[in-house]
Amino acid sequence: MTDQGNQQPASDRWYHKGPVLMRGRQVPKSTTDQRLLDDRGHADWLHTDPWRVLRIQAEFVEGFGALAELGPAVSIFGSARTKPDSDGYTQGIELGRLVVEAGYAVITGGGPGAMEAANRGAREAGGTSVGLGIELPFEAGLNPYCDLGINFRYFFARKTMFVKYSEGFVVLPGGFGTLDEVFEAVTLAQTGKVTSFPIVLVGTSYWSGLIDWLRGSVLEGGMISADDIDRLYVTDDLVEAVEYLKRESARVRPETPKQPE
(Lines give C-alpha, C1' and ligand atoms only; values in the text may rest on other atoms or scores of the structure.)
Protein backbone atom coordinates (compact mmCIF):
# COMPACT_ATOMS: atom_id res chain seq x y z
CA MET A 1 0.00 0.00 0.00
CA THR A 2 1.15 3.56 -0.79
CA ASP A 3 -0.19 7.08 -0.50
CA GLN A 4 -2.29 8.16 -3.45
CA GLY A 5 -1.91 11.05 -5.86
CA ASN A 6 -4.23 13.81 -6.97
CA GLN A 7 -7.92 13.16 -7.56
CA GLN A 8 -9.29 13.01 -11.11
CA PRO A 9 -12.59 14.37 -12.42
CA ALA A 10 -15.43 11.87 -11.92
CA SER A 11 -15.88 11.31 -15.65
CA ASP A 12 -12.19 10.39 -16.09
CA ARG A 13 -11.77 8.09 -13.10
CA TRP A 14 -10.97 4.44 -13.59
CA TYR A 15 -11.76 2.17 -10.66
CA HIS A 16 -10.93 -1.47 -10.03
CA LYS A 17 -13.30 -3.47 -7.82
CA GLY A 18 -11.34 -6.68 -7.58
CA PRO A 19 -10.94 -7.80 -11.21
CA VAL A 20 -13.83 -5.57 -12.39
CA LEU A 21 -13.07 -2.21 -14.08
CA MET A 22 -15.52 0.69 -13.57
CA ARG A 23 -15.62 4.26 -14.84
CA GLY A 24 -17.65 7.45 -14.38
CA ARG A 25 -20.97 6.95 -12.59
CA GLN A 26 -20.20 3.27 -12.07
CA VAL A 27 -17.46 4.17 -9.55
CA PRO A 28 -18.79 3.32 -6.04
CA LYS A 29 -18.65 5.85 -3.22
CA SER A 30 -17.02 3.46 -0.73
CA THR A 31 -14.52 0.60 -0.84
CA THR A 32 -15.02 -3.05 0.04
CA ASP A 33 -12.72 -2.69 3.05
CA GLN A 34 -14.73 0.30 4.27
CA ARG A 35 -18.01 -1.60 4.03
CA LEU A 36 -16.51 -4.57 5.86
CA LEU A 37 -15.20 -2.48 8.75
CA ASP A 38 -18.22 -0.16 9.07
CA ASP A 39 -20.56 -1.67 11.68
CA ARG A 40 -22.93 1.28 11.89
CA GLY A 41 -26.54 1.29 10.77
CA HIS A 42 -28.84 -1.67 10.27
CA ALA A 43 -28.02 -5.25 11.25
CA ASP A 44 -27.99 -6.47 7.64
CA TRP A 45 -24.27 -7.15 8.07
CA LEU A 46 -25.37 -10.25 9.98
CA HIS A 47 -26.54 -11.65 6.68
CA THR A 48 -23.83 -10.31 4.38
CA ASP A 49 -20.62 -11.02 6.35
CA PRO A 50 -20.74 -14.81 5.73
CA TRP A 51 -20.71 -14.07 2.00
CA ARG A 52 -17.80 -11.69 2.48
CA VAL A 53 -15.86 -14.57 4.01
CA LEU A 54 -16.18 -16.45 0.72
CA ARG A 55 -14.96 -13.39 -1.19
CA ILE A 56 -12.00 -13.04 1.17
CA GLN A 57 -11.22 -16.72 0.72
CA ALA A 58 -11.33 -16.26 -3.04
CA GLU A 59 -8.79 -13.41 -2.84
CA PHE A 60 -6.35 -15.62 -0.95
CA VAL A 61 -6.84 -18.49 -3.40
CA GLU A 62 -6.34 -16.15 -6.37
CA GLY A 63 -3.20 -14.62 -4.88
CA PHE A 64 -1.65 -17.94 -3.85
CA GLY A 65 -2.41 -19.42 -7.24
CA ALA A 66 -0.89 -16.52 -9.17
CA LEU A 67 2.29 -16.21 -7.07
CA ALA A 68 3.06 -19.77 -5.98
CA GLU A 69 5.59 -20.35 -8.77
CA LEU A 70 7.04 -16.83 -8.81
CA GLY A 71 10.39 -17.83 -7.28
CA PRO A 72 12.62 -15.53 -5.18
CA ALA A 73 11.22 -12.01 -5.12
CA VAL A 74 11.74 -8.66 -3.42
CA SER A 75 9.00 -6.17 -2.60
CA ILE A 76 9.80 -2.53 -3.34
CA PHE A 77 7.68 0.17 -1.70
CA GLY A 78 7.53 3.93 -2.14
CA SER A 79 5.24 6.85 -2.75
CA ALA A 80 2.64 6.91 -5.50
CA ARG A 81 3.26 10.67 -5.65
CA THR A 82 6.84 10.39 -6.90
CA LYS A 83 6.94 12.34 -10.17
CA PRO A 84 8.19 10.69 -13.39
CA ASP A 85 10.70 13.52 -13.94
CA SER A 86 12.14 13.32 -10.41
CA ASP A 87 15.36 11.82 -9.09
CA GLY A 88 13.24 9.50 -6.96
CA TYR A 89 11.63 7.99 -10.06
CA THR A 90 15.02 7.46 -11.69
CA GLN A 91 16.22 5.84 -8.47
CA GLY A 92 13.23 3.50 -8.53
CA ILE A 93 14.03 2.38 -12.07
CA GLU A 94 17.64 1.68 -11.11
CA LEU A 95 16.59 -0.22 -8.00
CA GLY A 96 14.21 -2.41 -10.00
CA ARG A 97 17.01 -3.22 -12.44
CA LEU A 98 19.50 -4.09 -9.69
CA VAL A 99 17.02 -6.37 -7.92
CA VAL A 100 16.38 -8.27 -11.16
CA GLU A 101 20.11 -8.56 -11.89
CA ALA A 102 20.52 -10.02 -8.40
CA GLY A 103 18.18 -12.85 -9.38
CA TYR A 104 14.87 -11.70 -7.91
CA ALA A 105 11.47 -10.80 -9.26
CA VAL A 106 10.16 -7.36 -8.28
CA ILE A 107 6.84 -6.97 -6.45
CA THR A 108 5.25 -3.55 -5.90
CA GLY A 109 1.83 -2.19 -5.02
CA GLY A 110 1.24 -1.81 -8.75
CA GLY A 111 0.47 1.90 -8.63
CA PRO A 112 2.15 5.00 -10.09
CA GLY A 113 5.19 6.91 -8.80
CA ALA A 114 7.95 4.91 -7.13
CA MET A 115 6.03 1.67 -7.67
CA GLU A 116 5.78 2.27 -11.40
CA ALA A 117 9.47 3.13 -11.53
CA ALA A 118 10.50 -0.13 -9.84
CA ASN A 119 8.21 -2.16 -12.10
CA ARG A 120 9.63 -0.35 -15.11
CA GLY A 121 13.21 -1.03 -14.08
CA ALA A 122 12.43 -4.70 -13.54
CA ARG A 123 10.69 -5.09 -16.88
CA GLU A 124 13.34 -3.23 -18.85
CA ALA A 125 15.98 -5.45 -17.24
CA GLY A 126 14.17 -8.55 -18.51
CA GLY A 127 12.93 -9.67 -15.10
CA THR A 128 9.51 -10.49 -13.71
CA SER A 129 7.54 -7.39 -12.74
CA VAL A 130 4.60 -7.96 -10.38
CA GLY A 131 1.96 -5.49 -9.19
CA LEU A 132 -0.40 -6.17 -6.29
CA GLY A 133 -3.07 -3.50 -6.60
CA ILE A 134 -5.76 -2.51 -4.13
CA GLU A 135 -9.29 -1.13 -4.47
CA LEU A 136 -9.03 2.54 -3.48
CA PRO A 137 -10.98 5.73 -4.29
CA PHE A 138 -9.54 7.51 -7.36
CA GLU A 139 -7.16 4.61 -8.05
CA ALA A 140 -6.16 4.45 -11.72
CA GLY A 141 -5.39 0.72 -11.72
CA LEU A 142 -2.15 -1.14 -12.26
CA ASN A 143 0.71 0.66 -13.97
CA PRO A 144 1.63 -0.47 -17.52
CA TYR A 145 4.94 -2.08 -16.45
CA CYS A 146 3.37 -4.97 -14.51
CA ASP A 147 3.79 -8.30 -16.30
CA LEU A 148 1.72 -10.02 -13.62
CA GLY A 149 -0.96 -8.04 -11.82
CA ILE A 150 -3.55 -8.85 -9.17
CA ASN A 151 -6.14 -6.42 -7.82
CA PHE A 152 -7.26 -6.98 -4.23
CA ARG A 153 -10.34 -5.77 -2.39
CA TYR A 154 -8.92 -6.30 1.09
CA PHE A 155 -5.69 -4.87 2.46
CA PHE A 156 -5.00 -7.83 4.74
CA ALA A 157 -5.13 -10.32 1.85
CA ARG A 158 -2.76 -8.12 -0.17
CA LYS A 159 -0.36 -7.70 2.76
CA THR A 160 -0.15 -11.45 3.19
CA MET A 161 1.05 -11.79 -0.40
CA PHE A 162 3.79 -9.18 0.07
CA VAL A 163 5.24 -10.99 3.07
CA LYS A 164 4.68 -14.57 1.96
CA TYR A 165 6.28 -14.20 -1.47
CA SER A 166 9.11 -11.77 -0.69
CA GLU A 167 12.64 -12.48 0.51
CA GLY A 168 12.66 -8.97 1.98
CA PHE A 169 11.55 -5.36 1.51
CA VAL A 170 13.40 -2.41 -0.01
CA VAL A 171 11.67 0.86 0.84
CA LEU A 172 11.98 4.17 -0.99
CA PRO A 173 10.65 7.43 0.49
CA GLY A 174 6.89 7.33 0.93
CA GLY A 175 3.93 8.29 3.07
CA PHE A 176 1.45 6.53 5.33
CA GLY A 177 1.02 3.49 3.09
CA THR A 178 4.76 2.99 2.85
CA LEU A 179 5.20 3.40 6.60
CA ASP A 180 2.41 0.90 7.16
CA GLU A 181 4.26 -1.75 5.17
CA VAL A 182 7.54 -1.03 7.01
CA PHE A 183 6.05 -1.36 10.47
CA GLU A 184 3.96 -4.35 9.46
CA ALA A 185 7.13 -6.22 8.47
CA VAL A 186 9.05 -5.11 11.56
CA THR A 187 6.20 -6.20 13.83
CA LEU A 188 5.95 -9.63 12.20
CA ALA A 189 9.71 -10.13 12.60
CA GLN A 190 9.74 -8.81 16.18
CA THR A 191 6.93 -11.13 17.24
CA GLY A 192 8.35 -14.17 15.46
CA LYS A 193 5.52 -14.41 12.96
CA VAL A 194 8.12 -14.47 10.18
CA THR A 195 11.73 -15.56 10.25
CA SER A 196 14.16 -12.63 10.39
CA PHE A 197 13.09 -10.47 7.47
CA PRO A 198 15.51 -7.96 5.88
CA ILE A 199 14.09 -4.46 5.52
CA VAL A 200 16.17 -1.80 3.75
CA LEU A 201 15.25 1.89 3.90
CA VAL A 202 16.76 3.85 1.00
CA GLY A 203 17.54 7.51 1.74
CA THR A 204 19.33 8.46 4.97
CA SER A 205 18.14 12.06 4.92
CA TYR A 206 14.53 10.94 4.53
CA TRP A 207 14.53 8.18 7.14
CA SER A 208 16.95 9.61 9.72
CA GLY A 209 14.22 11.49 11.58
CA LEU A 210 12.24 8.29 12.02
CA ILE A 211 15.29 6.35 13.21
CA ASP A 212 16.24 9.15 15.63
CA TRP A 213 12.72 9.10 17.08
CA LEU A 214 12.85 5.32 17.49
CA ARG A 215 16.24 5.49 19.21
CA GLY A 216 15.10 8.41 21.34
CA SER A 217 11.50 8.55 22.53
CA VAL A 218 10.53 4.95 21.75
CA LEU A 219 13.69 3.12 22.89
CA GLU A 220 14.31 5.36 25.90
CA GLY A 221 10.70 4.89 26.91
CA GLY A 222 11.24 1.15 27.02
CA MET A 223 8.73 0.48 24.26
CA ILE A 224 11.16 -1.45 22.03
CA SER A 225 14.66 -2.90 22.24
CA ALA A 226 17.75 -1.79 20.34
CA ASP A 227 17.61 -5.03 18.35
CA ASP A 228 14.21 -4.00 17.01
CA ILE A 229 15.66 -0.83 15.51
CA ASP A 230 18.54 -2.79 14.00
CA ARG A 231 16.00 -4.64 11.87
CA LEU A 232 15.85 -1.47 9.75
CA TYR A 233 18.93 -1.06 7.54
CA VAL A 234 19.33 2.47 6.18
CA THR A 235 21.51 3.38 3.20
CA ASP A 236 21.80 5.74 0.23
CA ASP A 237 23.62 3.19 -1.93
CA LEU A 238 21.32 1.04 -4.07
CA VAL A 239 24.03 -1.56 -4.71
CA GLU A 240 24.66 -1.79 -0.98
CA ALA A 241 20.92 -2.15 -0.39
CA VAL A 242 20.63 -5.11 -2.74
CA GLU A 243 23.81 -6.73 -1.42
CA TYR A 244 22.50 -6.47 2.14
CA LEU A 245 19.21 -7.99 1.12
CA LYS A 246 20.93 -10.85 -0.70
CA ARG A 247 23.12 -11.57 2.30
CA GLU A 248 20.33 -11.48 4.86
CA SER A 249 17.69 -13.27 2.82
CA ALA A 250 20.16 -16.05 1.96
CA ARG A 251 20.73 -16.50 5.67
CA VAL A 252 17.06 -17.07 6.42
CA ARG A 253 16.11 -19.08 3.34
CA PRO A 254 15.13 -22.60 4.47
CA GLU A 255 17.78 -25.21 3.92
CA THR A 256 17.15 -27.97 1.39
CA PRO A 257 16.34 -31.17 3.26
CA LYS A 258 19.11 -33.75 3.02
CA GLN A 259 18.32 -36.72 0.85
CA PRO A 260 18.64 -40.15 2.44
CA GLU A 261 21.88 -41.92 1.51
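See the structure printed just above.
Every value quoted in this text rests on a predicted model; they were computed, and no experiment measured them.

**Student:** I tried to follow the packing of aromatic side chains on my own but got confused; where do I start?
**Tutor:** For any pair of aromatic rings, the description consists of the separation of the ring centres together with the inter-plane angle of the planes. In total, this model carries eight aromatic pairs according to the counting rule given. Judged by centre distance (5.5 Å) and plane angle (25°), the ring pair of tyrosine 154 and phenylalanine 156 falls under stacked. With a relative accessible area of 0%, tyrosine 154 lands in the buried category. On the accessibility criterion, phenylalanine 156 (36% relative accessible area) is partly exposed. Judged by centre distance (5.0 Å) and plane angle (80°), the rings of tyrosine 206 and tryptophan 207 are edge-to-face. What makes tyrosine 206 partly exposed here is its relative accessible area of 43%.

**Student:** Could you clarify how one ought to interpret the environment of alanine 114 in this entry?
**Tutor:** Within the secondary structure layout, alanine 114 lies in helix H4 (residues 114-124). Sequence separation between alanine 114 and proline 84 is 30 residues, and the spatial gap between their C-alpha atoms is 8.5 Å.

**Student:** I tried to follow the packing of helix H5 (residues 155-164) against helix H6 (residues 176-190) on my own but got confused; where do I start?
**Tutor:** Packed helix pairs are characterised by how far apart their axes lie and by the angle those axes make with each other. In contact at an axis separation of 11 Å, H5 and H6 are set at 65° when each is read in the N-to-C sense. In this structure, H5 crosses over H6, and the sense of that crossing is right-handed. Contact residues: Arg158, Lys159, Phe162 and Val163 in H5; Asp180, Glu181, Glu184 and Leu188 in H6.

**Student:** Sorry if this is basic, but what is going on with the side chain of serine 166 here?
**Tutor:** On the secondary structure map, serine 166 appears in the loop between H5 and strand S7 (169-171). Among the polar contacts made by the side chain of serine 166, one reaches the side chain of serine 75 at a distance of 2.5 Å. Among the polar contacts listed, one links the side chain of serine 166 to the backbone oxygen of phenylalanine 162, at a separation of 2.6 Å. The contacts of serine 166, once residues within four sequence positions are left out, are Ala73, Val74, Ser75, Ile107 and Phe197.

Conventions we followed
- Residues numbered from 1 in each chain as written.
- Predicted model: local features only at pLDDT ≥ 70, side-chain atom pairs only at ≥ 80, totals over all residues.
- Heavy atoms only, no water.
- Phe/Tyr/Trp six-rings, centres within 6.5 Å; stacked < 30°, edge-to-face > 60°.
- Buried < 20%, exposed > 50% of the residue type's maximum accessible area, 1.4 Å probe, protein only.
- Helix = DSSP H or I, 4+ residues; strand = E, 2+ residues; numbered from the N terminus.
- Axes fitted to C-alpha atoms, helices over the stretch in contact; angles between N-to-C directions.
- Left-handed = near helix turned anticlockwise from the far one by under 90°.
- Contact = heavy atoms within 4.5 Å.
- Polar contact = N/O pair within 3.5 Å; in protein donor to acceptor, adjacent residues only side chain to side chain.

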